[in-house]
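Overview (structure and organization)
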Amino acid sequence: MPKRDDIRKVLIIGSGPIVIGQACEFDYSGTQACRALRAEGIEVVLINSNPATIMTDPMIADRVYLRPLSAENVREVALLEKPDAVLPTMGGQTALNLAVELENEGFWREQGIEIIGADITAIRITEDRQAFRDLMMRIGIDIPRSRLARSLLEAKEIAEEIGFPLVIRPSFTLGGTGAGIVWTREEFERRVLRGLEMSPVHEVLIEESIYGWKEFELELLRDRHDNVIIVCSIENVDPMGIHTGDSVTVAPAQTLSDRLYQQMRDMAIRMMRSIGNFAGGCNVQFAVDPKTERMVAIEINPRVSRSSALASKATGYPIAKVAARLAIGYTLDELPNDVTGTTSACFEPALDYVVVKIPRWNFDKFPGADEELGMQMKAVGEVMAIGRTFLEALQKAWQSLEVGRDGLGMDGRDVLDPQLVRKRLRRPYWDRLLQIRNAFALGASVEEVYDITRIDPWFLHQIRYLVELEREARRYTPRTLPRDFLLELKQAGFSDAQIAHLLQGEVREEEVRKLRQSWGIRPVFKLVDTCAAEFPAETPYYYSAYEREDAWGNPPENESVRSDRPKVVILGSGPNRIGQGIEFDYSCVHGVLAARQEGYEAIMINCNPETVSTDFDVADKLYFEPLYWERVRDILEHEQPIGVIVQLGGQTALKLAQKLHEHGFPILGTAFESLDLAEDRGKFSDLLRELGIPYPPYGVAHSVGEAINVARRIGYPVLVRPSYVLGGQGMRIAVNDEELAAYVQRIYEMLPDNVLLIDRFLENGIEVDVDALFDGEEIYIGGIMQHIEPAGVHSGDSTAVLPPFSLSEEIQATIRDYTERIARRLQVVGAINVQFVVQNEVVYVIEANPRASRTVPFVAKATGVPLADIATRLMLGRKLREFRHLLQPRLEGYAIKEPVFSFEKFPEVERELGPEMKSTGEAIVFVRDLRDEHFQRPYKIRSLYLSR
Amino acid sequence: MPHKRVPAKLALADGTVVSGWAIGRLGEAAGELCFNTSMTGYQEIFTDPSYYGQLMMMSYPHIGNYGVTEEHSEAPRPMVQGVIVRAFSYVYSNPHADTSLDEWLDRHGIVGITGVDTRMLVRLLRHKGAMNAVISSVDLDNESLVEKARRWPSMQGLELASRVSTPDPYELPSDGPFRVAVYDYGVKRSILEQLRSRGCTLRVFPARTPVEAVLAWNPDGVFFSNGPGDPNAMPYAIQTVRFFLEQTDLPLFGICLGHQLMALASGCTVYKMHTGHRGANHPVKNLQTGRVEITTQNHGFAVAADSIDPTVARISHLNLNDHTVEGLEFVGRNAFCVQYHPEACPGPHDSRYLFDEFRARLEVYVTQKVAC
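Thresholds applied
- Residues numbered from 1 in each chain as written.
- Chains lettered and ligands numbered in written order.
- Predicted model: local features only at pLDDT ≥ 70, side-chain atom pairs only at ≥ 80, totals over all residues.
- Contact = placed C-beta atoms within 7 Å.
- Helix = DSSP H or I, 4+ residues; strand = E, 2+ residues; numbered from the N terminus.
- Nonpolar A, V, L, I, M, F, W, Y, C, P; charged D, E, K, R; others polar.
- Buried ≥ 20, exposed ≤ 12 C-beta atoms within 10 Å, placed from the backbone.
- Pairing = 2+ DSSP bridges.
- Domains from an automatic or database assignment.
- Axes fitted to C-alpha atoms, helices over the stretch in contact; angles between N-to-C directions.
- Parallel < 35°, antiparallel > 145°, perpendicular 65-115°, else oblique.
- Left-handed = near helix turned anticlockwise from the far one by under 90°.
- pLDDT = per-residue confidence, 0-100.

**Some points on the interface of chain B and chain A**
Contacts between the two partners involve 49 residues from chain B and, on the opposite side, 50 residues from chain A. Those elements giving two or more residues to the side of chain B that touches chain A turn out to be β2 (17-24), α3 (118-128), β15 (270-286) and β16 (292-303) of chain B. Of the residues contributing to the side of chain B that touches chain A, the split by class is 19 nonpolar, 21 polar and nine charged.

**Digging into the pairing of strand β7 (residues 166-170) of chain A**
Residue and element names in this part refer to chain A. The buried fraction of β7 is high, at five of five residues. Both β7 and strand β9 (residues 204-208) contribute to a ladder of five bridges, which runs antiparallel. Within β9, the position partnered with Arg169 by the bridge is Leu205.

**Considerations on the environment of Val192 of chain A**
Tracing the chain through its elements places Val192 of chain A in helix α8 (residues 185-198). C-alpha separation for the pair Val192 of chain A and Ile206 of chain A, spaced 14 residues apart in sequence, amounts to 8.7 Å.

**Quick notes on the domain arrangement of chain B**
All names here are of chain B. Assigned domains of chain B: these are domain 1 (7-151) and domain 2 (161-371). For domain 1 versus domain 2, the separation of C-alpha centres amounts to 28 Å. Opposite the 23 residues of domain 1 that make contact, domain 2 presents 23 residues. Listing elements by their share of the side of domain 1 that touches domain 2, those giving two or more residues are β3 (28-36), α1 (42-46) and α3. Per element, the largest residue contribution to the side of domain 1 that touches domain 2 is three residues, and it comes from β3. Residues belonging to the side of domain 1 that touches domain 2 are distributed by class as follows: 10 nonpolar, nine polar and four charged.

**A closer look at the pairing of strand β27 (residues 766-775) of chain A**
Residues and elements named next belong to chain A. Among the 10 residues of β27, 10 are classified as buried, and the element is accordingly described as predominantly covered. Neither face of β27 is open: one carries Ile766, Val768, Val770, Ala772 and Phe774, the other Glu767, Asp769, Asp771, Leu773 and Asp775, and all of them are buried. Here eight bridges tie β27 to strand β28 (residues 779-790), and the two strands are oriented antiparallel to one another. Paired with Val770 across the two strands is Ile784, which belongs to β28. Connecting the antiparallel pair β27 and β28 is a turn made up of three residues, with Gly776 showing a positive phi of about 100°.

**Examining the packing of helix α1 (residues 25-39) of chain A against helix α11 (residues 319-327) of chain A**
Residue and element names in this part refer to chain A. Close contact between α1 and α11 brings their axes to 8 Å; oriented N to C, the two are set at 45°. Regarding the angle of α1 to α11, the classification is oblique. In this structure, the crossing between α1 and α11 has a hand that is right-handed. The residues of α11 that touch α1, namely those facing Ser29, Gln32, Ala33, Ala36 and Leu37, are Ala320, Lys321, Ala324 and Arg325. Taken together, the residues of the contact of α1 with α11 sort by class into five nonpolar, two polar and two charged.

**Re the sheet that holds strand β13 (residues 221-224) of chain B**
All names here are of chain B. Taking strand neighbours across the sheet as the criterion, the 10 strands line up as β10-β12-β11-β13-β14-β19-β18-β17-β15-β16 in an open arrangement whose pairing is mixed. Edge positions in the open sheet fall to β10 (170-172) and β16, since each of these has one partner strand only. For this sheet, the mean angle separating the axes of adjacent strands, direction not counted, is 20°. As judged from the three bridges shared by β10 and strand β12 (residues 200-206), these two strands associate in the antiparallel manner. Bridging from a neighbouring strand, Glu171 pairs with Arg203 of β12. Contacts from helix α6 (residues 189-196) reach β10, β11 (178-184), β12, β13 and β14 (252-255), with the element oriented near 145° to β12.

**Topic: the confidence of the model for chain B**
Overall, the predicted model of chain B reaches an average pLDDT of 96, with 99% of residues at or above 70. The ipTM, which scores confidence in the relative placement of chains, is 0.97 for this predicted complex, and the corresponding pTM is 0.95.

**Notes on unusual backbone geometry**
A cis geometry characterises the amide bond from Ala251 of chain A onward to Pro252 of chain A, with omega recorded as -5°. Structurally, Pro252 of chain A is set in the loop between β12 (249-251) and α9 (258-274). Of the consecutive residues Cys345 of chain B and Pro346 of chain B, the connecting peptide bond is found in the cis state with omega at 5°. Along the chain, Pro346 of chain B falls in the loop between β19 (335-338) and α10 (353-371). Even without glycine at this site, His323 of chain B takes up a positive phi of about 60°. The topology assignment puts His323 of chain B in the loop between β17 (313-319) and β18 (325-330).

Put into structure tokens, the structure is as follows:
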């Protein structure tokens, strides 16, 4: 059944700003969908308020409406554009809710706009727990016992009937907000009342607890001929009770026999077929009682999701792209498998590797937050790692997290305190796998750990095996270490740093590397090909693995063949976290595309499965690998690029610059010395003094006493912060000695041995952010953004207005001049971001970052100038004067960047703003003048949430 | 995780030799090296009589995770000659399992090797085609092993079905009204179960049973089973199938080897494939309904599409990946057959409707018989 020819124009609804539970996976799926539809000659209209997305780029859709995602705006765009159809399944819950809202009003029908890829009835069923439950019972699918309550009284009756523990789920909330397991009556009443309040329809589901059961997910695709395939099975290492977004997960499922797996597959297909006959993607979750093998359905989501993004990256199968094509009428058997190029898209991918996903949390940003994991998602991002074995993938995932670990422990930073381990293990926390590892190191048995955690013994045996390898490794020195054992350690994912730590004597990481290389122990790169090598594949999507040489002594096979073309490696930004999110992936994608257009082979390294940069057809070559020095270096040694781009991937990429420099890998654009100089507060202040640019008085301190001395010298209030951190982590404003001492102590608890920076805080100052490009000779000021909130609120949490709304021409000229002087002095080649505070008509420079900043996509969207793209071309040797035609900002009125928070996920945390960033996302709004509500509202309350 | 540290080697006829560790029984085994891309169902694969005499390499790295549960077996014992794995799981997690895979292989005398780069070997087979190999933990000499692999007889022209067929006929009762004769060339237990659960009382006959003996049982239909080896080397079976196709109006159904025999009996050519299909993810299109089913496949031979006489048979099912013949419907006959495995085990259950179809044909046949 070929493509329908009655669909010529499609409206796609995006997911809006990033919040916990709905992140950049929807940029990835939306981008794929837009590209797939345009490739079919369909006109694509997009509405999304998130400027930091690739999907809102002019190259992705025919027309982009950067508007807040309200029903009103969607209606307006639809009336203006008159699309034939709307595709609401690519923008998460936000897009679906909007589509449902307008459907309820009868809008789509009235306008003759068809909803494709989704079935509103299906959505209603899957989101209305009672309807879902009724349907499952009708089609003979087992589910946990449950009933709906609309009052506390009703809830209590149900609790009597089912018995504790119970699960409370408010209806129609995003990402499971408000859901949780309760063990006691007191807890129960509190949770029910809160749930009733949170639910937009004021009802909660009271459910039999299946806490501790094994949890699985299947990703399905269906076409309008009712052909169904399972793209991927995912097993949650953490059993039922922890939101899947907060669970460590593995693909494919590891502990299901074929009988159980096929039973699950049959159930999933029956479920999907029972909820209408839309063509598209679907996610089904199951729980399995390990004792009885009873299998129950948990939920079904008839849209692409975080899990489908993960499944796409895990298998190589582009779910969103295929789903979009199915929505316009194709059937699965008509579509090719884009990875092999020769076989059919109507198949089920076979993996010959293991994929591990670990969520990334940011509890440090929410002091007082309940860190226990539960039914409600708390993670802000995730990493994915691929290995030939579970252990290899698991350790790579820990190397990807950027939490300062070199693998799953065994790196000299383990705290082996039996009491602490027992305490931490009793409830699920973010470091659960580390604590399990610690428990085994302390001699616990698999049975003991299973009794506490309910994690399937297969995974526990694996982790215990790591500890056995660790014990064995401790017996050796570098001289006595057997070669085959070293290979075995590498095959289990151990980093050179971990091995150096385990071996006897003072062994350095570099020594281990030299030793293994002298023995020919190097990683090989294998292909992600959807078919376990059964067919040749063209897509250059690689992961590293350690394999044995053959029995003749020939080195293991390496599938990644180095080409003759000049290569550029772009370092990605790793897992999303507060302070470093989708904005940097946006820049990386532009870097890749620009480098390709400049004639280079663009090679991407990243480990974030939610992103566009890790899509299989963005870069010329993708290495799905940790941004961990050893792994990056292995790739660089293999590929031998002409240079590495570190300016686009945020602090993650920049942090690797020093190592690159030390080991002689060329950095493209701004030289390492300049990157370093800008990070070094002392040297940078000297530079400012030399340039005659004012900066707030400051000092550095290594102790509480020193800090107080500095503060007294420069005068209170002061801004105190640790060095080398992200998003203003630990930054505070202190007004007296007592406060300062308390803050400093807290910083040292988090980050011992840190050098503290203490600045005079410029009270009631106006904060200004500038993004600019410099090519060594000439400057282009991309945009001057004035913050509505006073200095003291982190720039990422501020409402920024472009252009400035109350700065005189003179001040703006000074800002431009300072930016240029700093860029010239640092010999920037590429992007630079400078932050200013204007106080009493004096312009102070707070800091300069010679790299693409968080606001680059905002400025690019606001002005229409492709900043990241041009920055990359400058790094590759081009000059600004060659891009005159592109450097034409188009902006009428003002563009406002509104921060978006996820405080509702942490009800126990006080909503306050300060020098430490807390927002998870942002929206862009264009206003004609300053009378607009979007300016007036934040302006009136600009100091309301400012704290210290 | 207990680790047996007995070195083992795998040598291929093309001279490739890789080292690993022995699993299962210590010793030596030779056979055709083939791979399977299923991510679940290792036990069903190892006990599938179609794999008799082959060395089975699993492309999914972790094998053994959920142990062995006797009732999941497709035959009373493993049928593969040897097992090749990347990361063998000595421990398993499954409260319902009877034993570990390691112990089970050892108990049945099956040798295996773990720790080898299976992906590299799959790629090698993809390029060079199926070839013979030898696994050994007793001889670790590269040259000697390669020589053994080279000397091992090719699968082409090899008759293996009679070695795995039942020595004596036996009957499997059911509550239903149909009597189906099964020619056992190495039939999987789950095929018999699928037939029985649809009301077929079965009598399973040895591969070389003369047609008279089968007719004497007075069947309502005949089933030609899956099995190992080259169908071209089975003239006795081709003759039998031809008899049923040409001389009777009994409903006939064939799977895998049975399908190839039915094709040969009606004049088609069956050739040895480059690498064969072995996995649980192959898309097959039913040309009658246009629907696609995800199928379990296990065959190294295939029916040549251009050898099919359209007046004798037409293609009913097609492989969407390489467009090979997956099913035949015989013109003017009450007979059909498929190359893949509708019984699954392991694999998706999408194609079990074929057993329903066979049952429907039996029903029509029985009704007509009564009417006569």
